[in-house]
Amino acid sequence: MSGREGGADAAPTGMFERDRRAVLWLCCAGVCWRWVVGKHTPMPTAEACEQLWLAQRLAVGDFTPAVAVWWRALPALLMAPAIAVGAPAVATAKVLAALAGGLAVAPTALAAERLRQGAGVGAAAVAMAGGAAVLEAGAGGSSATASLLVALALWAAAGRRRGLAGLVAVTAAPLAMVAPEPDRPSLLQQVWLGAGPAAALAPLVLLRPRSAHFVVPAAALLLGLVAGLATGELVAAASAVGPALAVLVGVALARFGRRWRDLLLCVVVAAQCHTAWTSIAPASAVAERVVAGYLLGSVLDPGQRLATDLPRVAWAAGAQPVSIASAEELRRVVADPQVGAVVLGGALVGDASLRAWLAGRFVVVGMPADLEDLAAERHLVVLVRRT
């Protein structure tokens, strides 16, 4: 796929023209692929809902919530102008994520090319198809913006601009430190989605001849994965440091002959695309938004609000999407008589003592049949305060 065979480790002066064109097309493909996945993704991530809520507050001139989390409000600041002029909030988040994720392909390719001649196009192809990165971007996650910053930091580091690389990396780090999704798959599935088949090729950079410059992307990848394991949100962390993995794979493949390089690259890209497409959230996820809208429009009286352990439901109801992680916290929230409804769908659904306590104050709400089916498929428990 490259216009030349892999060469020495010395940093090249630049790509061949055909390689530049290939990277440009891969950038466009990265944006389009993320948008296609986004069109089939029914709901934003819980973390994206936080950024959407911040952007919506900024759009109406309320800067207080953003000031409180200024270190990770960059996506909200970028979305706020579009939302202020009437753009749909969720579509704005997906467009921003698709553009950021697709644009990250270019600095990823340039960083790989600086480390080894012929590595740029391979790294660009891996970054374009990235499983976790595409899935997070399709759901409007801020890790797509983080991946662009990480790619720029790697490019700067490969060009020996360490100060600039450190500054950009520090800006990117808070965007990848997100709370875990309430419905993430098992750890093994997260590892496969976050690393996937590309991770099997990355260790090939250790083959001779090797360069100490490969330590920078390797360290970035390791730090990202460790942070993901520590926070319980491996998918978003892997998405943010996806450019580091792409650089390592591009550099590793550049040492092979053209036929083997292209064959391995095609296998990796196809596997990444398949993983992202088959991991899209089911259509029933939209129940979290529809149920909140139904309660606000048809059940709750003016001034009443709902309590929930699902950040997406809270955001859809117009509240700050803060996770309620314990039964005690939920009891404190619903003690307020202004709470007229409760929606459970996370870990608290299985708490029998909490369900019994709520049964004395709330009853199951009657909803249209199609909405009840959606809620049941999503395992939502929807309650309304007894009158």
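Residues numbered from 1 in each chain as written. Predicted model: local features only at pLDDT ≥ 70, side-chain atom pairs only at ≥ 80, totals over all residues. Heavy atoms only, no water.

Draft legend 1. Looking closely at the overall build of the protein. A count of helices and strands for the protein gives 21 helices and four strands. For a compact globule of 387 residues, the expected C-alpha radius of gyration is about 21 Å, and the protein comes in at 23 Å, within 12% of that figure. Judged by the C-alpha coordinates and their principal axes, the protein covers about 75 × 40 × 30 Å. By residue count, 50% of the 387 residues in the protein fall in the buried class. Taking the intrachain contacts of the protein between residues at least 6 apart in sequence as the baseline, contacts between residues at least 24 apart amount to 77%. Just so you have it, the protein exposes about 16900 Å², and 66% of that area is on carbon and sulfur atoms. (Helix = DSSP H or I, 4+ residues; strand = E, 2+ residues; numbered from the N terminus. Rg over C-alpha atoms; globule rule 2.2 N^0.38 Å. Buried < 20%, exposed > 50% of the residue type's maximum accessible area, 1.4 Å probe, protein only. Contact = heavy atoms within 4.5 Å. Areas by Shrake-Rupley, 256 points an atom, 1.4 Å probe, with all protein chains shown as cover.)

Draft legend 2. Structural detail: the nonpolar core. Core analysis: the largest hydrophobic core is formed by 59 residues, its most contacted members being V249 and V251. Ignoring anything within four residues of it in the chain, the contact list for V249 reads V126, A198, L201 and A202. With 18 residues, the next largest nonpolar core counts A66, A73, A89 and L96 among its residues. (Core = buried A, V, L, I, M, F, W, Y, C linked by side-chain atoms within 4.5 Å.)

Draft legend 3. Structural context of helix α2 (residues 46–59). Compared with an ideal rise of 1.5 Å per residue, which puts 14 residues at 20 Å, α2 spans 20 Å between its outermost C-alpha atoms and is within 8% of the ideal. α2 sits mainly inside the fold: ten of its 14 residues count as buried. Burial in α2 covers these residues: A46, E47, A48, C49, Q51, L52, W53, L54, A55 and L58. The secondary structure elements touched by the buried residues of α2 are α3 (64–68), α4 (74–84), α5 (89–103) and α18 (311–316). After α2 finishes, the residue G61 shows a positive phi value of roughly 90 degrees. (Expected span 1.5 Å × (residues − 1).)

Draft legend 4. Up close: the packing of aromatic side chains. For the structure on display, the rule yields two aromatic pairs. Measuring from ring centre to ring centre gives 6.2 Å for W33 and W277, while their planes differ by 25 degrees; the resulting arrangement is stacked. Placement of W33 in helix α1 (residues 17–39) and of W277 in helix α16 (residues 258–278) is noted, with a sequence separation of 244 residues between them. Assessed through its relative accessible area of 17%, W33 is described here as buried. The class of W277 is partly exposed, set by a relative accessible area of 39%. Residue placement shows R331 over the ring face of W357; its charged tip is 5.6 Å from the ring centre. (Phe/Tyr/Trp six-rings, centres within 6.5 Å; stacked < 30°, edge-to-face > 60°. Lys NZ or Arg CZ within 6 Å of the ring centre and 35° of its normal.)

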